[in-house]
Each structure stands twice: as C-alpha cells, then as structure tokens.
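One-letter residues, chain by chain:
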Amino acid sequence: NNNFNQCNSFGNYPIPYFNCVRVVGSLSQNTVVNPTVDNDSFVASSVVSTQTVATNSPVIPTLNYSRGQSITYANNGVFTLTQGRYIVSYGVNGTIAGSGFSFGGFLDGTAVVNSNATNSGTTSAGGSVSNEFLITVTNPTSTFEVRNTSGETTTVTNANVNIQRID
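These numbers were taken from a predicted model, which means no experiment stands behind them.

Calculation criteria
Residues numbered from 1 in each chain as written. Predicted model: local features only at pLDDT ≥ 70, side-chain atom pairs only at ≥ 80, totals over all residues. Heavy atoms only, no water. Core = buried A, V, L, I, M, F, W, Y, C linked by side-chain atoms within 4.5 Å. Buried < 20%, exposed > 50% of the residue type's maximum accessible area, 1.4 Å probe, protein only. Contact = heavy atoms within 4.5 Å. Helix = DSSP H or I, 4+ residues; strand = E, 2+ residues; numbered from the N terminus. Polar contact = N/O pair within 3.5 Å; in protein donor to acceptor, adjacent residues only side chain to side chain. Pairing = 2+ DSSP bridges. Phe/Tyr/Trp six-rings, centres within 6.5 Å; stacked < 30°, edge-to-face > 60°. Lys NZ or Arg CZ within 6 Å of the ring centre and 35° of its normal.

(A) Highlighting the nonpolar core. Ranked by size, the top nonpolar core spans 28 residues in total, and within it Phe79, Leu81, Tyr90, Phe103, Ile135, Phe144 and Ile163 carry the most contacts. Residues within four places of Phe79 in sequence aside, it is in contact with Val43, Ser45, Pro61, Ile71, Thr72, Tyr73, Ser142, Thr143, Phe144, Val161 and Ile163.

(B) Molecular detail of the side chain of Glu145. Relative to the assigned elements, Glu145 resides in strand β12 (residues 126–148). Take Glu145: its relative accessible area is 11%, and that puts it in the buried class. Of the polar contacts made by the side chain of Glu145, one reaches the side chain of Arg147; its length is 2.8 Å. Other than its neighbours up to four places away in sequence, Glu145 contacts Pro58, Gly77, Val78, Gly104, Gly105 and Phe106.

(C) Representation of the pairing of β12 in the model. With 16 bridges connecting them, strand β8 (residues 79–95) and β12 associate as antiparallel partners. Looking at the pairing, Thr82 lines up with Thr141 of β12. In this sheet, β12 lies alongside strand β9 (residues 101–107) in antiparallel orientation, the contact comprising five bridges. Residue Leu107 lies in a different strand from β12, and its bridge partner there is Phe144.

(D) Here's a closer look at the packing of aromatic side chains. Evaluated as defined, the whole model comprises four aromatic pairs. Each ring, one from Tyr73 and one from Phe79, has its centre 4.2 Å from the other, and the planes form 20 degrees; the classification is stacked. Each member of the pair Tyr73 and Phe79 is classed as buried. Between Tyr90 and Phe133, the aromatic rings sit 6.3 Å apart at their centres with planes inclined by 70 degrees, giving edge-to-face as the arrangement. With Tyr90 in strand β8 and Phe133 in strand β12, the pair connects residues that are 43 residues apart, well separated along the chain. Exposure remark for Phe133: the relative accessible area of 8% places this residue in the buried category. Grouping aromatic residues by their ring pairs yields a cluster made of Tyr90, Phe133 and Phe144. Here the basic side chain of Arg147 rests over the ring of Phe106, its NZ or CZ set 4.2 Å away from the ring centre.

Encoded structure:
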C-alpha cells in the first residue's frame, strides 16, 4: 500500500482488517472494511453426561451445532476435516486421577504441537484444562480428535470441542 488513499492494514488474528480514512470535502471519515470470514463450517459440541476416557482415547462429545461441508462428525470423538486452516479450542472438566490429567489434539493420529493442556492436583479432586490453537490440514481429508494424554483413565464430567474453518 502506497498510503495515498490513507489505508492501513492491521494484523488482527485470524483475519486482518483494513482501516481507511476517506476525505470528503473538508471532513474525513474512517471506513472499516470488515474481512470475509469463512462460515462454511463450524462445529460446537459438548459432552453432557459423565464418561470414562482411557489413556490415548478421545473425548466423545455430542454434536450441538454444525454448519457447512468442511467438518463432519459421527458422534464417535473423531472429526473429519477437509483441506484448510482451522481454529480449534477445547475444554475438559473432570476428576483428577493419580497425579493429574491432560488432554491434547491429534491430527491424523499425530499430536498437534502446543495443543496439550495439563492439570496436576489432588487425586479425586475436580479439575479442568483448556487450550486453543491453529491447525492446517494439507491432505484432502484428515481426522482430528481430543485425546486423554495422561497415563491414567480419567472421568470426564463435561467437555467441549469447537472447530472453525478460517480459510
């Protein structure tokens, strides 16, 4: 941008927006040009009943909301994603077994870097973990799940997994 039009780009995540100053006569007006957000696919799901999740097994949420074709889910803990970038967030509440519990995201069976969240506390006490991260799917389709990454079976009392395609 040569800034003759006095437009500035701001790096707001996940999609930048543009702020332009337009001069009309002797008055100037700010014009905000909002980005287009890909609302093709959005999944918000949550566990509404207690479940026991074994080590390296997925949390199995019940689908609450879905839109579009990029994300599919068969109520088995495994989401199928088409090629693109996604913002993923999850939260898990449960009972601490042993020295704590932890959960993390797995894309095509491989742990997603920086997706793991751990809660260490008193055995049998309640605890929670949550995280938010970006994943990029380069295959035509990939699978994603939030798994119990602790070394012990965990009782989950409530959980949610939210996935939104951003491009």
